[in-house]
Amino acid sequence: MSNSKTIKSALISVYYKDNLEPIIKKLHGLNVKLYSTGGTLSFIEKLGIPVTAVDSVTSYPEIFGGRVKTLHPAIFGGILNRRDNESDKKEKEQHHIPDIDLVIVDLYPFEETLAGGAKEEDIIEKIDIGGISLIRAAAKNFNDVVIVSSRHDYTELLSLLENKNGSSDLPDRKRFAAKAFATSSHYDSAIFNYFNTTENIPQFKQSIQQAQVLRYGENPHQQGVFYGDLNKMFTKLNGKELSYNNLLDVDAAVSLMADFTEPTFAILKHNNACGVASRSTIHQAYTDALAGDPVSAFGGILIANKTIDLATATEVNKLFCEVVIAPAYDDDALSVLKSKPNRIILIQNKVTLSPKSFRTLLNGVIEQDKDFKSETEADLKPVTTKTPTPSEVKDLLFANKLVKHTKSNTIVFAKNGQLLSSGTGQTSRVDALVQAITKANNFGFDLKGAVMASDAFFPFPDCVEIAHKAGITAVIQPGGSIKDKDSIEYCNTNGVSMVMTGVRHFKH
């Protein structure tokens, strides 16, 4: 049953008035009686359309600088009374309460004010009270009332008014009610999270209003949705839509590149870097990053932290890759990269990312601080008789950045600002080491003079022994094993330098 209801009266009180005029004119054309307050009242009056001030219904003026204006039984009774309930009808007549069939209300811009760096008193003033109460009341009584809680729903409302001549069916009202509760819950979550930055109440509340349905999830038989504003994060210049797996790789790429300031190029596959190099030019950085593993680079995600020029784009264009990310592109470089219509080309915009990460786990969610720790030379503690040379120190720090962004257990080899190879996601640190050695040999890299980074401590001296025999001359690791001295003793005996950071970089 459609349970059609004709809209005969409407309460309109909004902060944002863009695109409101056509709705007001349409309601007037349908002979809908309008009620309003404050700035919206003035807006409607300037259109030359009859409108009744709310305070003439409540017989009570707006008070406390507009903090209280709609919080009155005459208004909420007009929204909440059940039209088919005889008791409600009698009370409504007894108290001379008019029906309100449509409520168009939005909320004070709390999040926008917060993002603008306003003072606390200004932020608190943008916590809406009357609006949120009106939204919840109208949404609760969706059997009789249409609620529009966002300017983003004006087009849908106008279409409803035009197509159904001012009437609404129960599915229409229930859909608007669902949207209204989404609006109110998101608003309250934002306010809670603001207060909780200092109070640290252990509750998980996250709300994201933007959503993008993906072609599928990790595999074709899985559904996938991205919640967030990709258009704020990236400017897309070319290619198809990002897939679920693309997004995982792009996230890993952005996180990795955030640790580099010198011209650096990285190639990632399945969330791990298979090629990274820092050089004086982005062109040379790409060439050396690709040399790290030209096989895995096929179908990978490419990211640069400097403008991609024509020379770099020409080389990139020889490789099949899913996504290219950079802060900017020269025009002629962009023309070359766009020659592959499906290649996704993104400009990475400057966006402040959340300091927290979370994922679903068992029957809940696990949350943690993101790993923003990036060691500097001051964080290195030499523990061997031989200390690393200045060039080795530079490579140790480079390798340590990479190990932080590679799946555990992991070992990373680097030399001269280039990733030579890595062992990724192994259940044994020795297995990760052997994998890295094998991979380096397969691509013809000489490990003599290279450095080794480990994401966690060495429980036994076997890793430093195997690495030394492969040519490694310097090692960086967190330390913390009860058998650290065994690894240190091996290094001292065999002329290998080792530094410890005291910081583990597991990544699972």
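Please read all numbers here as calculations on a predicted model, not as lab measurements.

When its secondary structure is counted, the chain shows 19 helices and 23 strands. Against the 2.2 N^0.38 benchmark of 23 Å for 508 residues, the chain shows a C-alpha radius of gyration of 31 Å, more extended than a compact globule. Looking at the chain as a whole, 46% of its 508 residues are labelled buried. The long-range fraction of contacts in the chain, counting pairs at least 24 apart against all pairs at least 6 apart in sequence, stands at 56%. Entry remark: accessible area of the chain is about 25400 Å², with carbon and sulfur atoms responsible for 52%. Charge separation in the chain, taken as the distance between the mean sites of 56 positive and 59 negative side-chain charges, equals 2 Å.

Given a rise of 1.5 Å per residue, 15 residues ought to cover 21 Å, and the 22 Å separating the end C-alpha atoms of helix 16 (residues 390-404) matches this to within 8%. With 12 of 15 residues buried, helix 16 lies mostly within the body of the structure. Among the residues of helix 16, Glu392, Val393, Asp395, Leu396, Leu397, Phe398, Ala399, Asn400, Lys401, Leu402, Val403 and Lys404 are the ones counted as buried.

Considered as a void within the structure, the second largest pocket measures approximately 440 Å³ in volume. Together, 28 residues line the second largest pocket, and Gly66, Arg67, Lys69, Tyr108 and Asp128 are the ones closest to its centre. Breaking the lining of the second largest pocket down by element, the ones donating at least two residues are helix 2 (38-46), helix 7 (120-125) and helix 8 (130-140). Residue composition of the lining of the second largest pocket, by class: 12 nonpolar, 10 polar and 6 charged.

Buried residues of helix 9 (residues 154-163): Tyr154, Leu157, Leu158, Leu160 and Leu161, and no others. Projection of helix 9 onto a plane perpendicular to its axis shows the buried side chains occupying an angular sector of 160°, all on one side. Exposed residues lying more than 90 degrees from the buried face of helix 9 are Thr155 and Asn163. Buried positions along helix 9 lie against helix 1 (21-29), strand 5 (102-105), strand 6 (146-148), strand 7 (167-168) and helix 10 (170-199).

If you walk through the whole model with that rule in mind, you get 9 aromatic pairs. Aromatic side chains tyrosine 15 and tyrosine 16 sit 5.1 Å apart centroid to centroid with 75° between the ring planes, which places their arrangement in the edge-to-face category. Their ring planes at 75° and their centres at 5.4 Å tell us that tyrosine 194 and phenylalanine 195 sit as a pair that is edge-to-face. With relative accessibility at 39%, the residue phenylalanine 195 sits in the partly exposed group. Members of the aromatic cluster, connected to one another through ring pairs, are Phe110, Tyr187, Tyr194 and Phe195. Lying across the ring of tyrosine 16, arginine 151 places its NZ or CZ 3.7 Å from the centre. Lying across the ring of phenylalanine 260, lysine 401 places its NZ or CZ 4.8 Å from the centre.

Summarising the element assignment, aspartate 293 is placed in the loop between helix 13 (282-292) and strand 13 (300-304). For aspartate 293, a relative accessible area of 2% corresponds to the buried category. Non-local contacts of aspartate 293, meaning those with residues more than four positions away in its chain, are made with Cys274, Lys439 and Phe443.

Attention now moves to the sheet that holds strand 4 (residues 52-53). Spatially, 5 strands are ordered 4-3-2-5-6 in an open sheet, and the strand pairing comes out parallel. Two strands lie at the open edges of the sheet, namely strand 4 and strand 6, each paired on one side alone. The pairing of strand 5 with strand 6 spans 3 bridges and is parallel. Its bridge partner being in strand 6, isoleucine 104 is matched across the sheet by valine 148. Lying on the sheet, helix 8 is in contact with strand 2 (9-13), strand 5 and strand 6; it crosses strand 5 at an angle near 150°.

Residues in a regular strand point their side chains to alternate faces of the sheet. With respect to burial, strand 19 (residues 411-415) is a largely interior element, 5 of its 5 residues being buried. Residues Ile411, Phe413 and Lys415 of strand 19 are buried on one face, and the alternating residues Val412 and Ala414, pointing to the opposite face, are buried as well. With 5 bridges connecting them, strand 19 and strand 20 (residues 418-423) associate as antiparallel partners. Its bridge partner lying in strand 20, lysine 415 is registered against glutamine 418. Remark: 2 residues form the turn of the hairpin made by strand 19 and strand 20, two consecutive strands paired antiparallel; asparagine 416 in that turn has positive phi of roughly 55°. Bridge count between strand 19 and strand 21 (residues 451-454): 4 bridges; the pairing is antiparallel. Residue pairing for strand 21: valine 412 is matched across the bridge by alanine 453.

Here threonine 155 lies in helix 9. For the pair threonine 155 and isoleucine 208, spaced 53 residues apart in the sequence, the C-alpha separation amounts to 22 Å.

Looking now at the nonpolar core. Within the largest apolar cluster, 51 residues are counted, with the highest numbers of intra-cluster contacts made by Leu27, Leu34 and Ile104. Looking at which element gives the most residues to this core, the answer is helix 10, with 7 residues. Residues within four places of leucine 34 in sequence aside, it is in contact with Ala10, Ile12, Ile24, Leu27, Ile44, Ile49, Pro50, Val51 and Thr52. Among the nonpolar cores identified, the runner-up in size contains 39 residues, and Ala253, Ala266, Ile301 and Ala414 belong to it.

Basis of the calculations
Residues numbered from 1 in each chain as written. Predicted model: local features only at pLDDT ≥ 70, side-chain atom pairs only at ≥ 80, totals over all residues. Heavy atoms only, no water. Helix = DSSP H or I, 4+ residues; strand = E, 2+ residues; numbered from the N terminus. Rg over C-alpha atoms; globule rule 2.2 N^0.38 Å. Buried < 20%, exposed > 50% of the residue type's maximum accessible area, 1.4 Å probe, protein only. Contact = heavy atoms within 4.5 Å. Areas by Shrake-Rupley, 256 points an atom, 1.4 Å probe, with all protein chains shown as cover. Lys, Arg positive; Asp, Glu negative; His and termini not counted. Charge placed at Lys NZ, Arg CZ, Asp CG, Glu CD. Expected span 1.5 Å × (residues − 1). 1 Å grid on protein atoms, 1.4 Å probe; cavity = no way out; pocket = protein on both sides within 12 Å on 5 of 7 lines; lining within 4 Å. Points joined across faces, edges and corners; volume = space filled by probe spheres on them. Nonpolar A, V, L, I, M, F, W, Y, C, P; charged D, E, K, R; others polar. Arc of directions from axis to C-beta. Phe/Tyr/Trp six-rings, centres within 6.5 Å; stacked < 30°, edge-to-face > 60°. Lys NZ or Arg CZ within 6 Å of the ring centre and 35° of its normal. Pairing = 2+ DSSP bridges. Axes fitted to C-alpha atoms, helices over the stretch in contact; angles between N-to-C directions. Core = buried A, V, L, I, M, F, W, Y, C linked by side-chain atoms within 4.5 Å.

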